[in-house]
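One letter stands for each residue in the lines below.
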Amino acid sequence: MATLNLKELSKKEDLLTHGHRMCSGCGAPTVVKMVLLATEYPVIASNATGCLEVSTCISEYTAWKIPWIHTAFENAAATLSGVETMYRSLKKQGKIDKDIKFIAFGGDGGTYDIGFQSLSGAMERGHDMIYICYDNGAYMNTGIQRSSATPLGADTTTCPAGDVIPGKLRARKNLTKIMAAHNIPYAAQASPSHWMDLMKKVQKAHEIPGPKFINILSPCNRGWRSKTNDAITLSRLGVNSCYWPLYEIENGVTKITYTPKDKVPVADFMKPQGRFKHLFDPQNAELLKRVQDEVDAEWAKLQKEEKCG
Amino acid sequence: MKPKGWKDLTPGAVVLEGGSACNFKTGSWRAFRPVWIEENCIQCMWCWLYCPDMAIKVKDGKRAEFNYDFCKGCGICALECPGKKGKKAIEMIEEGK
Ligand SMILES: Cc1ncc(C[n+]2csc(CCOP(=O)(O)OP(=O)(O)O)c2C)c(N)n1
Ligand code: SF4
Ligand code: SF4
Ligand code: SF4
Ligand SMILES: [Mg+2]
């Protein structure tokens, strides 16, 4: 594995090029860029419908310099399973001798919800691939509808904060742990603010045969109702508040890969985001406290799991 | 690129030219323009790494000028730039001013 030195990495060709049409300041292209920088093999990708998919390949203009397949919403993992199986067959027949890697990309809607069955199936069948979820916490491409990754209390167009409800009433689904419960060799969580940690996880995942899953926090200033310049700052606050802990579960063993020196209140992560604005009204103080309590409880649980090995 | 009729499309609308988005300039989206102040630059490469639009050129492992044909003016590079002794090496200025 090559050492991760930015000067050296910057000499690599951009495998996701400029000219894509993601919003200004979107976190997703940076997530993909980091994943591809950490990939030292020829790679084939599939991409579930969502912002990343539709905005990086608008008829005849593709930002991808790798073989890349646009799949429907439901089947990024299933499509790639087929490609990976074909590759294994061709390799057996002596028609390919290269070592090729496979990555499926999906948004949270395409991963936690709609593509979940195909993801679960691909992991269970043991296909040699990494599934990367870029989690921006809602169906952003179609106008910010709630998904099972939307955080508690967030305002979306299908759980609008107002007189009736104070935003989403349910907690997030913990998909990283659900994937680990498939007993796959590697499941991890990463953030673009901690790029070295993210890239090391991708490098490591490529070296482990079988199915791997990495969940990556991906700020969306349109849906988060934040500024165009804060994708990295917000993802850093997500990590430092333990809203988005960085950890990996390798063969069932949990390891926290970054412990914040000073854990900040989750309010620090939420305050710059308009989707949480209403939670700072006095009448929603209890809900804000519940958000903090749930983050603390999840963090305590994770630390305990690490201790137990 | 001139839009094609459906008869000219490849089967399955497969795009045969990887990275053809390089022919689609997004620089006109910009309302604010990042300006590089080279004397404050410590060549940490963070701006290059964090830029979502691959709009910071590099030359032999060193940061070079912005690529204004593609920079959308988000300001991430300016916010994350550590600069030298507290002085940022990137400043955002309003376009047209
Ligand atoms: C089966 C199906 N239902 C709905 C859609 C419409 N649709 C396209 S993208 C999208 C949202 C994608 O959300 P997510 O996966 O979270 O990615 P994001 O856009 O947030 O990056 C939806 C609902 C679709 N393409 N297919
Ligand atoms: S809506 Fe959000 S996720 Fe989609 S391109 Fe814009 S910033 Fe990115
Ligand atoms: S303003 Fe945004 S798009 Fe432009 S160079 Fe900086 S990070 Fe890239
Ligand atoms: S982030 Fe700032 S200091 Fe670092 S390379 Fe870019 S301009 Fe120079
Ligand atoms: Mg989403």
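These numbers come from a predicted model, not from an experiment. (Residues numbered from 1 in each chain as written. Chains lettered and ligands numbered in written order. Predicted model: local features only at pLDDT ≥ 70, side-chain atom pairs only at ≥ 80, totals over all residues. Heavy atoms only, no water.)

> Can you walk me through the interface of chain B and chain A in this structure?
Quoted interface sizes are often the accessible area lost when the parts come together. Facing the 37 residues of chain B at the interface are 40 residues of chain A. Both faces considered, chain B and chain A share a buried interface measuring about 3300 Å² in area, 61% of it formed by carbon and sulfur atoms. Together, Trp48, Leu49 and Met54 of chain B form the three largest contributors to the area buried by chain B at its contact with chain A, with a combined 21%. Scanning the region where chain B abuts chain A turns up one salt bridge. Its salt-bridge partner being arginine 236 of chain A, residue glutamate 80 of chain B comes within 2.8 Å of it at the nearest N-O pair. Inspection of the chain B/chain A interface yields 22 residue pairs in polar contact (both at pLDDT 80 or more). Secondary structure elements with two or more residues in the side of chain B that touches chain A: α1 (46-50) and α2 (76-80) of chain B. Among the elements that make up the side of chain B that touches chain A, the one with the highest residue count is α1 of chain B (four residues). Partitioning the side of chain B that touches chain A into residue classes produces 21 nonpolar, 10 polar and six charged. (Contact = heavy atoms within 4.5 Å. Buried area = accessible area lost by both parts, 1.4 Å probe. Salt bridge = Lys/Arg side-chain N within 4 Å of Asp/Glu carboxyl O. Polar contact = N/O pair within 3.5 Å; in protein donor to acceptor, adjacent residues only side chain to side chain. Helix = DSSP H or I, 4+ residues; strand = E, 2+ residues; numbered from the N terminus. Nonpolar A, V, L, I, M, F, W, Y, C, P; charged D, E, K, R; others polar.)

> Help me understand the packing of helix α4 (residues 76-92) of chain A against helix α6 (residues 116-125) of chain A, please; the structure alone is not making it clear to me.
Helix-helix packing: each pair is described by the crossing angle between the helix axes and the interaxial distance. Residues and elements named next belong to chain A. Where α4 contacts α6, the two axes come as close as 7 Å, and the packing angle between them is 35°. For the pair α4 and α6, the contacting residues are Ala76, Ala77, Ala78 and Ser81 in the first and Ser118, Leu119, Ala122 and Arg125 in the second. Each residue belonging to the contact of α4 with α6 can be placed in one class, and the counts come to five nonpolar, two polar and one charged. (Axes fitted to C-alpha atoms, helices over the stretch in contact; angles between N-to-C directions.)

> What should I look at first to understand unusual backbone geometry in this one?
Trans peptide bonds make up most of the peptide bonds, and negative phi angles are found at most residues other than glycine. Residues and elements named next belong to chain A. Backbone geometry places glutamate 60, a non-glycine residue, at a positive phi of 75°. Position of glutamate 60 relative to the elements: it lies in the loop between β2 (57-58) and β3 (61-62). The phi dihedral of asparagine 251 is positive, around 45°, even though this residue is not glycine. Tracing the sequence through the fold places asparagine 251 in the loop between β9 (246-250) and β10 (253-258).

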